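Coordinate inspection notes
So you can see what is in the structure, the chains are spelled out below.
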Amino acid sequence: MKILYSILAAVLLMPAPAIRAQDEGEQPPFIFTVYGGLFFPSNVHFKDVYNSQSELLYGFGATLPLGGTMFLAGDLALFKAEAFVDPSQDSSIELQERFYHLGIISKQPVEKRLFLRLTGGLNYVTIKQRMTSPQSPERSTEAEKKIGYFGGIGIEQMFEDGKASLFGDVIYDYRRSHQKELEGDFGGVRLVVGMHLFLF
């Protein structure tokens, strides 16, 4: 948790460079983002219920330059886990989470086309759990709506033509639920690899 606070503070307190003037008629690039990887939920019951420590996560979003090395970024990530509670009765449980991020990315150059990425901001996470069984009606539970936060660090390699880049991030999402049926931490750590496409 202390590491997360440090990353958030570094991103949010970093002085933003002056926005460079655009030539007349020149528009800042719109950057489309896609990524995928593994999500390691923080919930203490996840491993026991789903017999796994991680599941696949994928997402997409957009990034807009603020000037210099600072970028405004928003994205949506999707995560789903399923398991049989009682295989003999075909009873199953499913957990779905959607992560909406809005934050700042600071890219610090390491080499000519290699950057260190620091990311931080707010998240909005929806949590839905569904239980199904042939012997009883489907039961669905949703957590209360709350805003949390996230922070992370990564690297980014720009392609030579400047029209795309590859990146890898380690990001921690914090989202706690106090609802009785879904109590606990429903954030977690994500290890993702993705691509930025610079659209002009």
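To keep things clear, this report deals only with the structure shown in the data block. As the structure is a prediction and not an experimental result, all values here were calculated from the model. (Residues numbered from 1 in each chain as written. Predicted model: local features only at pLDDT ≥ 70, side-chain atom pairs only at ≥ 80, totals over all residues. Heavy atoms only, no water.)

For the rest of this paragraph, the subject is the side chain of Glu-94. Within the element layout of this structure, Glu-94 appears in strand β4 (residues 91-109). Contacts of Glu-94, omitting those with residues within four sequence positions, involve Tyr-50, Lys-80, Ala-81, Glu-82, Lys-128, Gln-129 and Arg-130. (Helix = DSSP H or I, 4+ residues; strand = E, 2+ residues; numbered from the N terminus. Contact = heavy atoms within 4.5 Å.)

As defined by bridge partners, strand β2 (residues 55-67) adjoins strand β3 (residues 70-86) across 10 bridges and the pair is classed as antiparallel. Following the sheet pairing, Gly-61 is matched in β3 by Asp-75. Counting the residues between successive antiparallel strands, the hairpin from β2 to β3 contains two residues, one of them, Gly-68, with a positive phi of roughly 60°. In this sheet, β4 lies alongside β3 in antiparallel orientation, the contact comprising 16 bridges. The residue of β4 that forms the bridge with Phe-71 is Ile-105. (Pairing = 2+ DSSP bridges.)

Below, the discussion takes up the pattern of salt bridges. Applying the stated criterion across every chain, the model contains seven salt bridges. Between Arg-130 and Glu-138 there is a salt bridge, with its nearest N and O atoms 3.2 Å apart. Exposure remark for Arg-130: the relative accessible area of 26% places this residue in the partly exposed category. For Glu-138, a relative accessible area of 51% translates into the label exposed. Where Arg-190 meets Asp-173, a salt bridge forms, and the shortest distance between an N and an O atom there is 3.1 Å. Here Arg-190, found in strand β11 (residues 188-199), pairs with Asp-173, found in strand β8 (residues 164-174); they are 17 residues apart in sequence, far enough to count as distant. As far as burial versus exposure is concerned, Arg-190 and Asp-173 are alike and both buried. (Salt bridge = Lys/Arg side-chain N within 4 Å of Asp/Glu carboxyl O. Buried < 20%, exposed > 50% of the residue type's maximum accessible area, 1.4 Å probe, protein only.)

A contiguous nonpolar surface patch, about 800 Å² in accessible area, is contributed by Phe-30, Phe-32, Val-34, Phe-60, Leu-64, Leu-66, Leu-72, Leu-102, Leu-197 and Leu-199. Those elements that provide at least two residues to the nonpolar patch are β1 (30-41), β2 and β11. Its location among the elements puts Leu-64 in strand β2. (Patch = residues over 30% accessible without salt bridge, like charges linked within 9 Å, V, L, I, M, F, W, Y side chains within 5 Å. Areas by Shrake-Rupley, 256 points an atom, 1.4 Å probe, with all protein chains shown as cover.)

In this structure the tally under the stated criterion is six aromatic pairs. Here Tyr-100 and Tyr-124 contribute two aromatic rings whose centre-to-centre distance is 6.0 Å and whose plane-to-plane angle is 50°, an arrangement assigned as tilted. On the criterion of sequence distance, the pair formed by Tyr-100 in strand β4 and Tyr-124 in strand β5 (residues 114-133) is long-range, its members being 24 residues apart. Relative accessible area serves as the criterion here: at 32%, Tyr-100 is assigned to the partly exposed category. What links up through ring pairs into an aromatic cluster is the set Phe-39, Phe-46, Tyr-50, Phe-79 and Phe-99. Across the ring face of Phe-71, the terminal group of Lys-107 is positioned such that the distance to the ring centre comes to 4.4 Å. (Phe/Tyr/Trp six-rings, centres within 6.5 Å; stacked < 30°, edge-to-face > 60°. Lys NZ or Arg CZ within 6 Å of the ring centre and 35° of its normal.)

A word on the pairing of β2. With nine bridges connecting them, β1 and β2 associate as antiparallel partners. The residue of β2 that forms the bridge with Leu-38 is Leu-56.

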